[in-house]
Amino acid sequence: MPAYELRGVIPAVPTPVSPQGNVDVGRLISFCGHLLAEGADGLNITGTTGEATSLSREQRLEIIFAVAGSALDKRKIMIGTGAAAVADAVTLSRAVGEHGFAGALVLPPFYFKDPSEAGLLRYFEAIVKSSPDLDIYLYNFPALSGIRFTIELIAALVHAFGSRIKGLKDSSGDLNYASGVVENFPQLSVFPSNEGTLLQAREGKFAGAISATANLSPAACAAAFRNGDSDALKRAVAIRAIVAKGSLVPRIKSVLSRSLSDDYWANVLPPYAPLGTDAAQELFESIQGDLGRF
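This write-up is about the structure you can find in this document. This structure is a prediction, so every number in the text was calculated from the model and none was measured.

**So, the sheet that holds strand E5 (residues 136–140)**
- Strand order in this open sheet of 6 strands is E2-E3-E4-E5-E6-E7, and the pairing throughout is parallel. Because the sheet does not close on itself, it has two edges, and the strands there are strand E2 (43–45) and strand E7 (189–192). The mean inter-strand angle of the sheet, taken between neighbouring strand axes irrespective of direction, is 25°.
- Examined bridge by bridge, E2 and strand E3 (residues 77–80) share 3 bridges and lie parallel to one another. Looking at E3, one finds that Ile45 is bridged to Ile79.

Written as structure tokens, this is what we have:
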């Protein structure tokens, strides 16, 4: 399979689920196709926006197998495989590697909050050994995981695993941190989680942006990254500013349910709860004018 360098606009795709919590892979694959058709350069599936940590290992494998068997270009898709249990992370990462996806986006083990560097290296060593050719993208989200990929920890991982550490997604919101990773590790592809950085990415500072709200503005984000369209970026950033005023996952899914005229998309997994009818309608009306095509 020819190489494909992940960069540019990468929406962090939500996972459609039934009211009973079952995954609808058909809806997921269809929406992924829509995002790519609207200009997304790649996709992140079963990340935070995809409610991965609320899905069972079997559900996550179901998604991996279904997407692998679809017509979607797997070279453009990174799959979240981080888990609290190393055995789960290994199983998921091995499946991602065996099916030829672009890489695995890996949260650190997120329950115990004081692991040593040696312990974290053991976790990543197990994942690296599980799939010899799989690219690993570190997922820095200390507000939720409780663990920060410090410059020192990244250096230890790069020293231990070399080019297998391909990049990093930063959801800390600290652009000084993301810039510091770029400066210290120019070989890594660094993706902030905010589409507001896409013009900086276009200039080469970052590899792109992996963003939850890019699901609602893929064409505008693509215009910003590919053409330097600042007006398009303003529309995308305006959507993010409003949607991010509350819990991103239920709010994004609420907007999608109205944009796609499909109530199924409003379903979320515990501990989330769906938005109420009035709140959902108010949110949709507040950004409707800036939304892309659905």
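**Remarks on the pattern of salt bridges**
- Summed over the entire model, instances satisfying the criterion amount to 10 salt bridges.
- The salt bridge involving Asp24 is made with Arg27; its shortest N-O contact spans 2.7 Å.
- Asp24 gets classed as buried once you look at its relative accessible area, which sits at 18%.
- Residue Asp73 pairs with Arg75 through a salt bridge whose shortest N-O separation is 2.6 Å.
- A single network of salt bridges, built from pairs that share partners, joins Asp24, Arg27 and Asp262.

**Observations regarding the packing of aromatic side chains**
- Following the criterion strictly, the structure yields 6 aromatic pairs and no others.
- Both rings, one in Phe124 and one in Phe149, keep their centres 5.9 Å apart while their planes meet at 70°; by these two values the pair is edge-to-face. With Phe124 in helix H4 (residues 117–130) and Phe149 in the loop between helix H5 (142–145) and helix H6 (151–161), this pair connects stretches of sequence that are 25 residues apart.
- On the basis of relative accessible area, Phe124 is assigned to the buried category, the value being 2%.
- The buried category is assigned to Phe149, whose relative accessible area is 0%.
- Ring-pair connections join several aromatic residues into one group, and the members of that group are Tyr123, Phe124 and Phe149.
- Sitting above the plane of the Tyr264 ring, Arg27 keeps its charged end 3.9 Å from the centroid.

What counts and how
- Residues numbered from 1 in each chain as written.
- Predicted model: local features only at pLDDT ≥ 70, side-chain atom pairs only at ≥ 80, totals over all residues.
- Heavy atoms only, no water.
- Pairing = 2+ DSSP bridges.
- Helix = DSSP H or I, 4+ residues; strand = E, 2+ residues; numbered from the N terminus.
- Axes fitted to C-alpha atoms, helices over the stretch in contact; angles between N-to-C directions.
- Salt bridge = Lys/Arg side-chain N within 4 Å of Asp/Glu carboxyl O.
- Buried < 20%, exposed > 50% of the residue type's maximum accessible area, 1.4 Å probe, protein only.
- Phe/Tyr/Trp six-rings, centres within 6.5 Å; stacked < 30°, edge-to-face > 60°.
- Lys NZ or Arg CZ within 6 Å of the ring centre and 35° of its normal.

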